[in-house]
Structures are given as C-alpha cells and as structure tokens.
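The chain contents come next:
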Amino acid sequence: MARTDETGEIARHGSPFGTTPPDPPPAGGDAGANGRMPRWLPRALVLALALVGVFQLGSWAFHQLTGLLVNILIAFFLALAIEPAVSWMASRGLRRGLATALVFFAVIIVSAGFVTLLGSMLAGQIIKIVEDFPNYLDSVINWINAHFHTELRRVDVQEGLLKSDWLRNYVQNSATGVLDVSAQVLGGLFQLLTITLFSFYFAADGPRLRRALCSVLPPARQAEVLRAWEIAVIKTGGYLYSRGLMALISGIAHYILLEILDVPYAPVLAVWVGLVSQFIPTIGTYLAGALPMLIAFTVDPWYALWVLIFVVIYQQFENYVLQPKLTAKTVDIHPAVAFGSVIAGTALLGAVGALIAIPAVATLQAFLGAYVKRYDVTDDPRVHGHRERGRGVFSRARELWIRPPEQPGKKPPEGTGESGGSRDGAD
C-alpha cells in the first residue's frame, strides 16, 4: 500500500537520478475542453475545397471554350472593320441590319468569285502538269545523264517509284487520313459560319450592344468605353487599309514580273499573292509564292527560279521598308512595337493573334495615351541626337598627331604644357 502524507496525497518518491517525475494529466473535462477542434476549422476546410473545385471547374470550362472565345474575338474585330461602311449606309436611311447584310453579301460574292476563278485555274494547271510530267521527267533524266555520265531511263525510274516503300506508305497514310481531312474541312466550315454569325450580330446590333454595356456603368465610365470603342473602330479600319494597300502594291509588282515572263493567268496569280501574303500571317508569304512558282514551272523551269528570287527580294523590301512605314502611319504605332506585337500575338493565339495584334495594341496605346501626362522637352542637343562638341579621344589624338615636335632645350610657352602647369602649382 502506498504511503500518504498528512494531507492524504500520495507521497512522491524522487527518481533514482535526483529528478522529480512530471505531474499526471488532470482528470475530468479539462482535457476535452482544451483539445477540442476549433469551430472555424471545418468551415475553412469546406471553403478551401469549394474554392479549389470552382477553380478546377473554371479552368476546365475555359479550356473547353477556348475555340469559341477565339471565334468571338475574330468576329468582334471583323465587326469593327465593317463598322464604318455599315454606319455610313445607316446614316443614309437604310436599316442597320439591311446595311450589314449588304456588306456581307458583297464580301461573300467577291470571295466566292475569286475562289471559283482560282480553283478552275488551279485545276487546269494541275491537269496540264500531270499530262506533261513524262516530258519533264525525260528532260531531267537527260540532263543528269549528260552531266554525270549515267544511263538512267524513265522506265527504270517509274518502276523504282512504284515499287518503293515510301510510295506505298504514303498511299496508306493518305487513305487513312481521308476521314481526318473531311473532319477538318467540316470543322473549318462550322468555324467560318460561327464567325460570320457573330460578326453579323455585332455589326447589326452595335448600338444596342453599346447601350447594354453602358447601362451597367456610371456616366464617367460610359464615356471612356464609348471612346475606346471608337478608337478600336478607327485603328482596325486603318490596319485593314494598310494591309489592303500592301496587297495592292504586292499584286501589281508580281503581276509585272509574271507578265514579263509570259506566265499564264498572271492577273489571278497577282491577286492571289497580294491577298494571301498580307492576310495570312507567318506562312502567307510561302503559300503565296508557291503557286506562281508552280505555274511558272509549267512554262519553263528557269522561270520558277526567277519567281522564287523575286519573291524573296520583294519580301525583304516589304518587311524592312514598306510594311513598317505603312503600318506605323495607319495605326500610329512604332514599327518596332508593331513587330513585337505580332510576335507576342503569334505566341499567344497563333495566326489569329498575329492578325489582330497590331490593331489591338494600337487601340490600347491610343486609349491609354489620354491618361499619360506629358511635359515640354528641354532644348538639349542630346534630345535631337547631337552630342556637345568637346575634346574627345579622337580629337586629342589628332592634336597629338599634328603637334610639331619640341626642340631639345626649348622651354614650352608659359601657362601651357605640363611644365607650366607644375610651375603654377608650385607657386
């Protein structure tokens, strides 16, 4: 039986090491009260899980709707592009919906006519190339035999091609890819229809859309939104004007070359080069130059080389001379900013971003320019790119070069030279 002291408590025995053992935990409800979970912790956990779930759901929905959002963005800029024409016709008494329909009808008629004419020309040229392919192959084989002293024959080349694994694999891949191509064509048509419908609604219901947007904003914000909308219309129209002007210049230049080379269908090919090279970013130049080279090859293979050289030279002229000047003047941004915006738009949205990057940046720059406070620039030569005239390194070297040699024993003039300087310092 344990020993107790006078108060009845169990006597505490010291440990063999001379330390006192810890007190036992208190009994009763004190431990439960102190160790209970806080009331706010379950709510915080539920709220955190709900936020994570909402974020994941929003991220999934955004990735699923990316294609639709891009189509709506393209439609919005197309509506801004035709806004001046629609507004002009509406101010003359036409209903806005009818004016928008007339503009779209004109664009569709011109596009369909151009595609039909180009398709018939391309089909005829492909048939001609296929019919004349044996003659082209004979000329190539004869050239190789004459220069490399070989004995190739067209029959051997044709049999080698027909029995090659490359051709067999290509035919199999083409047969299996027919469904993929058909699905892509149908998807492209549906995307084109979606863009057309949204752009029609944006252009026809432009005033209603602006009123709906301004109705949820205070009066000061309404003025800013309307001013930004007007700037976007002006900049987008200016950008399309510059692109159309560059397409016209490019078409005329290539038409002159094709006429000199006597290439058939020169007018249609010139229109093709002008439109495709300007309105399809990044790869438009290569697509535009491939078709004239193919048609020129049917006339003379050397003509295709001349067309390639002209396309490369003209592209450099357009990139470094023509495009920076026209783009900077019509959308009022620096050529370096225009080039950087195209690169950034391509990185974000691909070809669509490259096409709408310049008008978007020009709109943003013009809108934010009203909130930037500007001051008068000081009249300093360095502002105008001039440096103050002084004794630089080259001027000092020139003075040392043309200075006459000093005579031995002759003292330098007083106040000049190192001797005079040291003497003055000593005094």
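Residues numbered from 1 in each chain as written. Predicted model: local features only at pLDDT ≥ 70, side-chain atom pairs only at ≥ 80, totals over all residues. Heavy atoms only, no water.

Caption draft 1: Representation of the overall build of the protein. Along its length, the protein carries 16 helices and 0 strands. Burial analysis of the protein (427 residues in total) assigns 24% to the buried set. Expressed as a percentage of contacts within the protein between residues at least 6 apart in sequence, the contacts between residues at least 24 apart total 60%. (Helix = DSSP H or I, 4+ residues; strand = E, 2+ residues; numbered from the N terminus. Buried < 20%, exposed > 50% of the residue type's maximum accessible area, 1.4 Å probe, protein only. Contact = heavy atoms within 4.5 Å.)

Caption draft 2: Region of interest: helix α11 (residues 284-299). Here α11 is 16 residues long and its end C-alpha atoms lie 24 Å apart, about the 22 Å a rise of 1.5 Å per residue gives. Listing the buried residues of α11 in full gives G284, T285, A288, G289, L291, P292, I295, A296 and T298. (Expected span 1.5 Å × (residues − 1).)

Caption draft 3: Geometry of the nonpolar core. By size, the foremost hydrophobic cluster in this structure holds 18 residues, and its most contacted members are V263, L269, W272, L291 and V307. Elements that contribute at least two residues to this core include exactly α4 (96-148), α9 (219-260), α10 (266-279), α11 and α12 (301-331). A per-element tally of this core places α10 first, with 6 residues. If we skip the residues at most four places from it in the chain, W272 touches F114, L118, S277, L287, A288, L291 and P292. (Core = buried A, V, L, I, M, F, W, Y, C linked by side-chain atoms within 4.5 Å.)

Caption draft 4: Summary view of unusual backbone geometry. One non-glycine residue, D262, lies in positive phi territory at about 60 degrees. Assignment of secondary structure puts D262 in the loop between α9 and α10.

Caption draft 5: Region of the structure containing the packing of aromatic side chains. Throughout the structure, instances matching the rule amount to 8 aromatic pairs. Aromatic pair F76 and W229: ring centres 5.6 Å apart, planes at 85 degrees, arrangement edge-to-face. In this pair, F76 is assigned in helix α3 (residues 66-91) and W229 in helix α9, connecting sequence segments 153 residues apart. With a relative accessible area of 26%, F76 lands in the partly exposed category. Centre to centre, the rings of F198 and F202 are 6.2 Å apart; their planes meet at 40 degrees, and the pair counts as tilted. Separated by 4 residues within a single helix, F198 and F202 lie in helix α7 (residues 178-204), roughly one turn from each other. Accessibility expressed as a relative area gives 28% for F198, which makes it partly exposed. Aromatic rings pair up to connect F76, F77, F198, F202 and W229 into one cluster. (Phe/Tyr/Trp six-rings, centres within 6.5 Å; stacked < 30°, edge-to-face > 60°.)

Caption draft 6: Spotlight on the side chain of S250. Its place among the elements puts S250 in helix α9. Judged by its relative accessible area of 1%, S250 falls in the buried class. With sequence-adjacent residues up to four places away left out, S250 is seen in contact with V273, G274, S277, Q278, Y314 and E318.

Caption draft 7: Just a nonpolar patch on the surface, in detail. Taken together, the side chains of W302, L305, W306, L308, I309, V312 and I313 define a hydrophobic patch exposed on the protein surface, amounting to about 720 Å² of accessible area. With respect to the secondary-structure elements, W306 resides in helix α12. Look at W306 and you get exposed, because its relative accessible area is 52%. (Patch = residues over 30% accessible without salt bridge, like charges linked within 9 Å, V, L, I, M, F, W, Y side chains within 5 Å. Areas by Shrake-Rupley, 256 points an atom, 1.4 Å probe, with all protein chains shown as cover. Salt bridge = Lys/Arg side-chain N within 4 Å of Asp/Glu carboxyl O.)

Caption draft 8: Fine view of α10. Along its 14 residues, α10 runs 20 Å from first to last C-alpha, staying within 8% of the 20 Å computed at 1.5 Å per residue. The element α10 is extensively covered by neighbouring structure, given that 10 of its 14 residues are classed as buried.

Caption draft 9: Summary view of the confidence of the model for the protein. Mean pLDDT for the protein: 75, with 72% of residues reaching 70 or above. Of all helices and strands in the protein, the one with the weakest mean pLDDT is helix α16 (residues 417-426) (44), whereas helix α2 (residues 40-64) scores best (90). Contacts for the low-pLDDT stretch residues 28-33, under 50 throughout, to residues beyond four places or in other chains number 0 contacts. Taken together, the stretch residues 415-427 has pLDDT below 50 and engages in 3 contacts with residues farther than four places along the chain or on a different chain. (pLDDT = per-residue confidence, 0-100.)

Caption draft 10: Spotlight on the environment of A228. Topologically, A228 is positioned in helix α9. For A228, a relative accessible area of 22% puts it in the partly exposed group. In this structure, the C-alpha to C-alpha distance between A228 and A366, residues 138 residues apart in sequence, is 8.5 Å. Beyond its immediate stretch of four places on either side in the chain, A228 contacts T363 and F367.

Caption draft 11: View of the packing of α9 against α10. Between α9 and α10, the least distance of the axes is 7 Å, while the angle of their chain directions is 145 degrees. Crossing of α9 against α10: the hand is right-handed. Where α9 abuts α10, its residues L240, R243, G244, M246, A247, S250, G251, H254, Y255, L258 and E259 lie against A266, P267, L269, A270, V273, G274, L275, S277, Q278 and F279. Here the residues of the contact of α9 with α10 sort into 12 nonpolar, 7 polar and 2 charged. (Axes fitted to C-alpha atoms, helices over the stretch in contact; angles between N-to-C directions. Left-handed = near helix turned anticlockwise from the far one by under 90°. Nonpolar A, V, L, I, M, F, W, Y, C, P; charged D, E, K, R; others polar.)

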